[in-house]
Amino acid sequence: MTGDARLDVDLAVVGAGPAGLAAATAGARLGLTTVVFDEGMQPGGRLPGQVHHGDGRRWHSGRDDAERLTAAAGEAGVGIVTGTTVWGLEPAWDLFLDGAADGPRFCGARVVVLATGATEVPAPLPGWTLPGVMTPGGLQTMVNVHGVVPGGRALVAGLGPLGLEVAQVLSATGVDVVGVHAAWSGALGALPTPGGSLHELAHTVGRAAPTWLARWGSAIARRRALSTLAARLAPCRIAGVELRLDEVALELRGGDRVESAVIAPISGDGTPRRDAAREVDVDVVCLGAGLQPLIELTGSTGCGLIDVLGLSGPVPLHGDRQQTTVPGLYVAGGATGVEGSAVCERQGTVAGLAAAAYLRTPGATASAVAVARDELERARRAAPVRFDRHVIEGRREMQRRWEGACPTTM
Amino acid sequence: MNQPIRLAEHPLLGPFERGPEVEFSFEGTPVTAHAGESLGAALLAAGIRTLRVSRRGEPRGLYCAIGQCLECRVVVEGAGMRRACLTPVEAGMVVRRHRDPRGSRAHDR
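Residues numbered from 1 in each chain as written. Chains lettered and ligands numbered in written order. Predicted model: local features only at pLDDT ≥ 70, side-chain atom pairs only at ≥ 80, totals over all residues.

## A word on the overall build of chain A
At step 1: A count of helices and strands for chain A gives 10 helices and 22 strands.
At step 2: Looking at chain A as a whole, 54% of its 410 residues are labelled buried.
At step 3: Sequence separation of 24 or more characterises 67% of the internal contacts of chain A that already satisfy a separation of 6 or more. (Helix = DSSP H or I, 4+ residues; strand = E, 2+ residues; numbered from the N terminus. Buried ≥ 20, exposed ≤ 12 C-beta atoms within 10 Å, placed from the backbone. Contact = placed C-beta atoms within 7 Å.)

## Observations regarding the overall build of chain B
At step 1: Looking only at helices and strands, one finds 1 helix and 10 strands in chain B.
At step 2: Ordered by position from N to C terminus, the α and β elements of chain B give β-β-β-β-β-α-β-β-β-β-β.
At step 3: For chain B, the C-alpha radius of gyration of 14 Å lies close to 13 Å, the compact-globule estimate for 109 residues.
At step 4: For chain B, with 109 residues in total, the buried portion stands at 38%. (Rg over C-alpha atoms; globule rule 2.2 N^0.38 Å.)

## Considerations on the nonpolar core
Residues and elements named next belong to chain A.
At step 1: Within the largest apolar cluster, 73 residues are counted, with the highest numbers of intra-cluster contacts made by Ala154, Ala157, Ala183, Ala249, Val285 and Cys286.
At step 2: For this core, the leading source of residues is strand S15 (residues 241–254), giving 7 residues.
At step 3: The next biggest cluster of nonpolar side chains, apart from the first, holds 69 residues, and it includes Ala19, Leu32, Cys344 and Ala351. (Core = buried A, V, L, I, M, F, W, Y, C linked by C-beta atoms within 7 Å.)

## Focus: the environment of B:Glu58
At step 1: Within the fold, B:Glu58 resides in the loop between strand S6 (52–53) and strand S7 (59–60).
At step 2: Taking the C-alpha atoms as reference points, B:Glu58 and B:Met81, 23 residues apart in sequence, are found 18 Å from one another.

## As for the interface of chain A and chain B
At step 1: Listed as interface residues are 32 residues of chain A and, on the opposing side, 31 residues of chain B.
At step 2: Secondary-structure elements contributing two or more residues to the side of chain A that touches chain B are strand S4 (59–61), strand S9 (118–120), strand S10 (133–134), helix H3 (136–145), strand S11 (148–149) and helix H4 (161–172) of chain A.
At step 3: In terms of residue class, the side of chain A that touches chain B is made up of 12 nonpolar, 15 polar and 5 charged.
At step 4: Pairing between S11(A) and strand S1 (residues 5–6) of chain B: 2 bridges, direction antiparallel. Looking at the pairing, A:Val148 lines up with B:Arg6 of S1(B). (Nonpolar A, V, L, I, M, F, W, Y, C, P; charged D, E, K, R; others polar. Pairing = 2+ DSSP bridges.)

## Some points on the pairing of strand S18 (residues 284–287) of chain A
All names here are of chain A.
At step 1: The side-chain alternation of S18 yields two buried faces, one formed by Val284 and Cys286 and the other by Val285 and Leu287.
At step 2: In this structure, S10 lies alongside S18, joined through 2 bridges in parallel fashion. Looking across to S18, one finds that Met134 is bridged to Cys286.
At step 3: Pairing analysis gives 4 bridges linking strand S12 (residues 153–157) to S18, with the strands arranged parallel. Residue pairing across strands places Ala154 opposite Val284, the latter belonging to S18.

## Describing helix H2 (residues 62–76) of chain A
All names here are of chain A.
At step 1: The end-to-end C-alpha distance of H2 is 21 Å, a good match for the 21 Å that 15 residues give at a rise of 1.5 Å each.
At step 2: Along H2, the residues classified as buried are Gly62, Asp65, Ala66, Leu69, Thr70 and Ala73. Down the axis of H2, the buried side of the element spans an arc of 125 degrees, and every buried residue falls inside it. Facing away from the buried side of H2, by more than 90 degrees, are the exposed residues Ala71 and Glu75.
At step 3: In this fold, the buried residues of H2 make contact with helix H1 (18–29), strand S2 (34–37), S4, strand S5 (79–81) and helix H8 (341–358).
At step 4: Looking at the residues trailing H2, positive phi occurs at Gly77, about 95 degrees. (Expected span 1.5 Å × (residues − 1). Arc of directions from axis to C-beta.)

## Considering the environment of A:Ser300
At step 1: If you trace the backbone, A:Ser300 turns up in the loop between helix H7 (296–299) and strand S20 (305–307).
At step 2: A:Ser300 sits 209 residues away from A:Pro91 along the chain, and the two C-alpha atoms are 10.0 Å apart.

## A word on the pairing of strand S9 (residues 80–83) of chain B
A regular strand places its side chains so that they alternate between the two faces of the sheet.
All names here are of chain B.
At step 1: Taken together, the 4 bridges between strand S8 (residues 73–76) and S9 define a ladder with antiparallel strand orientation. Pairing of Arg73 across the sheet is with Arg83, part of S9.
At step 2: Where S8 folds back onto S9 in an antiparallel hairpin, the turn is made up of 3 residues, including Gly78, whose phi is positive at roughly 90 degrees.

## Some details on the confidence of the model for chain A
At step 1: Mean pLDDT over chain A works out to 85, with 82% of the residues at or above the 70 mark.
At step 2: Here residues 187–200 of chain A is modelled with pLDDT under 50, and outside its nearest four sequence neighbours on either side it reaches 42 contacts, counting other chains as well. (pLDDT = per-residue confidence, 0-100.)

## A look at unusual backbone geometry
Residue and element names in this part refer to chain A.
At step 1: Despite not being glycine, Arg360 shows a phi value in the positive range, around 55 degrees.
At step 2: Turning to its location among the elements, Arg360 is positioned in the loop between H8 and helix H9 (366–382).
At step 3: Take Arg360: there are 7 C-beta atoms within 10 Å of it, and that puts it in the exposed class.

## Some thoughts on the packing of H3(A) against H4(A)
All names here are of chain A.
At step 1: The interhelical angle for the contact between H3 and H4, taken along N-to-C directions, is 30 degrees, at an axis separation of 9 Å. Our classification of the angle between H3 and H4 gives roughly parallel. In the packing of H3 onto H4, the handedness of the crossing is left-handed. Residues Pro136, Gly137, Leu139, Gln140, Val143 and Asn144 of H3 form the contact with H4, whose own contacting residues are Leu162, Gly163, Val166, Val169 and Leu170. (Axes fitted to C-alpha atoms, helices over the stretch in contact; angles between N-to-C directions. Parallel < 35°, antiparallel > 145°, perpendicular 65-115°, else oblique. Left-handed = near helix turned anticlockwise from the far one by under 90°.)

Following this line, the structure appears as structure tokens:
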């Protein structure tokens, strides 16, 4: 899809992750001319970096899901344009693009689905900008997508499902993972984890059955009553990695790259004991505090935004057809609240069908949307990992707020 | 410190399929990479972690590796400022560190 500076389609989708690819496929199957833009080098969003237990003991790569979704989109006639950033969006609808020299610069569309995904929440310890300090998502990409192992001794700072997964993958590739610690942010109750505290983390990770995360989670959960007395927590060693909830990472040090980390035990009053701090040599640090929805492009359209407990940050106010307060603008996936890829994919299908219904496309019936919505709810309840334990209530609250704000909007 | 390594095979996912070897230059030094991998991955595999220098003179490198943080920006001859994590390696590319002018207010610290 090159040559013309301008492209005109029925449906334009931003983001070629599971939500965006599913939305585009649903629209294209109903006959809409459809294009998906993504700034990544390959379609699939974050899927290709993901590794998890599938059925039984076999490891499963998100790469397989990415290939399945990409193939389905291709068969449906979706144009997939990678390496292209959508830097601007104006209603009814013009997309402004930056990509390959011979790629399009503008795209006109009759309806838009934004599936921009999520981004990492930083855990800004002193020294966090040193080369060698990377987010869990960044390390997943380097190790699982590119097969580049960035060093030999790693510290994982910041507690969350992705960090724990990275710890295990690094360990499996032969990296000495010296420990998994919370990243100190000034107060134990405010330790940067996806849910906000160790207590929340125990719930979040504890729902991760049947993966290995469940074992970590249950190990933490058994000690959850002590979560405000982390000083008493015993180290636990699982899958070759030491999980140290009794210590926090205070600082990262180095010259032109990270060389060491300062770790301190937690005292009885919940503050780090700087007098008992130790410095460990590392050349890789995995640092992150979870994920938050990526909403800049959505917000630029003037659509309503709202912060609802359980959705991991401010998101577009949207209804159960994935519609926003701006006519012809639909949202799906991590951009609407952080959930797993199976949920994102089904949200995408709902959004694609609803966008087609907006254009009065034959076949985009209310019942087709309802079926897709039921599948979404089933996937949500069956999700192996919940990034926020309040997500089900959060979705319910979003629908309530939507009905209060936009009672008659389709 | 251990040098970064390229895995022939992922311990959980199996062998990697890589493109043919190509050469590009970074700060005037030749770097061997695989066609199609990101500049960020290729430079990391070559042991190069500092991809830009901030206006305070601080080293910065790959952080998010998914295009969000902009810490990996480099200058590719003929293409301008690019995010190393999102830019595929091509044979013969001439790449330099991005350097914010000292004390400039145009960019972050």
